[in-house]
Amino acid sequence: MSRRESILREMGLAPLWRLRDKPAAEAEMPAETAPAAASAGDERTLRIAAMGWDELKDAVAGCRDCRLCERRKQAVLGVGDVDADWLFVGEGPGAEEDEKGEPFVGQAGKLLDAMLAAIGLQRGRKVYIGNAVKCRPPGNRTPEAEETAACFPYLQRQIALIRPKLIVALGKPAAETLLNAEVKVGAARGRLFDYRGIPLIVTYHPAYLLRNLTDKAKAWEDLCFARRTMKGLDDVGG
Ligand code: URA
């Protein structure tokens, strides 16, 4: 256990939960296609993993690696401080985000801004906001597993470049993408997960909260937990 983890544990903020990985998609492929698909995917992942911000922006803007590209107006990479302590990850752009090229600018975005303000945060100030998929799923449907998988190397690269202190996954698709496991938000909230050494908290998606007002109190608890966790991380110099 790292010193940081043991101090977080002392503060009642750990353990850091690690979920068991989902089986790799290629395990379900016919044996003869799996190795070729895996190496093409590996090559793409490695290429993306070496990108700087400018290359990443261009790659996402021109990406045609899943069918979500067919109906997007534009891809939406993310917004905020590239040196952020806080990373909030949503699901994917909606109609307004597709139009404006910025995440969370519609009704759910207004609620997210209010949630940030409630814990003393502001979009762009030590905060970065991204999504599990960069292109709008038609009709605002939930992104499919192949779509989140195709987009994941971009999110991984964003996280590697930003190196946030804490990640907040907004809703199930974001949590499942980042943790590579099945997640029930109701069961996952209040626990501290681990994304490659970065503590991760799961809470409800703002769009869900707009439809389920009674869960807003739980989201508030989650935000307080996130704020306490960040304070703990700051105290241990993490
Ligand atoms: N919902 C999301 O998950 N992301 C956005 O950018 C907008 C709405």
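Residues numbered from 1 in each chain as written. Predicted model: local features only at pLDDT ≥ 70, side-chain atom pairs only at ≥ 80, totals over all residues. Heavy atoms only, no water.

J.: Tell me about the packing of aromatic side chains, residues and numbers included.
T.: By the definition in use, this model includes three aromatic pairs. Aromatic side chains W86 and F88 sit 5.9 Å apart centroid to centroid with 10° between the ring planes, which places their arrangement in the stacked category. The burial state of W86 is the same as that of F88; both residues are buried. Centroid distance Y204 to Y208: 4.9 Å. Interplanar angle 15°. Geometry classified as stacked. (Phe/Tyr/Trp six-rings, centres within 6.5 Å; stacked < 30°, edge-to-face > 60°. Buried < 20%, exposed > 50% of the residue type's maximum accessible area, 1.4 Å probe, protein only.)

J.: Quick rundown of the pattern of salt bridges? Include the residues and the values.
T.: Any two side chains of opposite charge can pair if their charged atoms end up close together. Inspection of every chain in the model, using the stated rule, returns 16 salt bridges. Close ionic contact of K165 with D85 constitutes a salt bridge, the shortest N to O distance being 4.0 Å. Taken as a pair, K165 in the loop between α6 (145–162) and β5 (166–170) and D85 in the loop between β2 (78–80) and β3 (86–90) lie far apart in primary sequence, 80 residues in all. Residue K165 is classed as partly exposed on the basis of its relative accessible area of 22%. Within the structure, one salt-bridge network assembled from shared partners comprises R67, R141, E144 and E147. (Salt bridge = Lys/Arg side-chain N within 4 Å of Asp/Glu carboxyl O. Helix = DSSP H or I, 4+ residues; strand = E, 2+ residues; numbered from the N terminus.)

J.: Would you mind going over the packing of helix α5 (residues 107–118) against helix α10 (residues 216–235) in detail, with residue names and values included?
T.: Following both chains from N to C, one finds α5 and α10 inclined at 45°, their axes separated by 10 Å at the closest point. On the basis of the axis angle, α5 is oblique to α10. Two packed elements cross with a definite hand, and for α5 against α10 that hand is right-handed. For the pair α5 and α10, the contacting residues are L111, M115 and A118 in the first and K216, A219, W220, L223 and R227 in the second. Taken together, the residues that form the contact of α5 with α10 break down as six nonpolar, no polar and two charged. (Axes fitted to C-alpha atoms, helices over the stretch in contact; angles between N-to-C directions. Parallel < 35°, antiparallel > 145°, perpendicular 65-115°, else oblique. Left-handed = near helix turned anticlockwise from the far one by under 90°. Contact = heavy atoms within 4.5 Å. Nonpolar A, V, L, I, M, F, W, Y, C, P; charged D, E, K, R; others polar.)

J.: So what about the site of the ligand? Which residues, and what values?
T.: Close contacts around the ligand come from G90, E91, G92, P93, E97, P103, F104, N131 and H205, and that covers them all. Within the contact set of the ligand, a nitrogen atom lies 2.8 Å away from a side-chain nitrogen or oxygen of N131. Contact between the ligand and H205: an oxygen atom at 2.7 Å from a side-chain N or O atom of the residue. Contact with the protein chains covers 91% of the free accessible surface of the ligand, which is 230 Å². With respect to the pocket detection grid, the ligand is positioned in the second largest pocket. Classifying every residue of the shell around the ligand by side-chain character gives three nonpolar, four polar and two charged. (Near = heavy atom within 4 Å. Polar contact = N/O pair within 3.5 Å; in protein donor to acceptor, adjacent residues only side chain to side chain. Areas by Shrake-Rupley, 256 points an atom, 1.4 Å probe, with all protein chains shown as cover. 1 Å grid on protein atoms, 1.4 Å probe; cavity = no way out; pocket = protein on both sides within 12 Å on 5 of 7 lines; lining within 4 Å. Sits in = over half its atoms within 2 Å of the grid points.)

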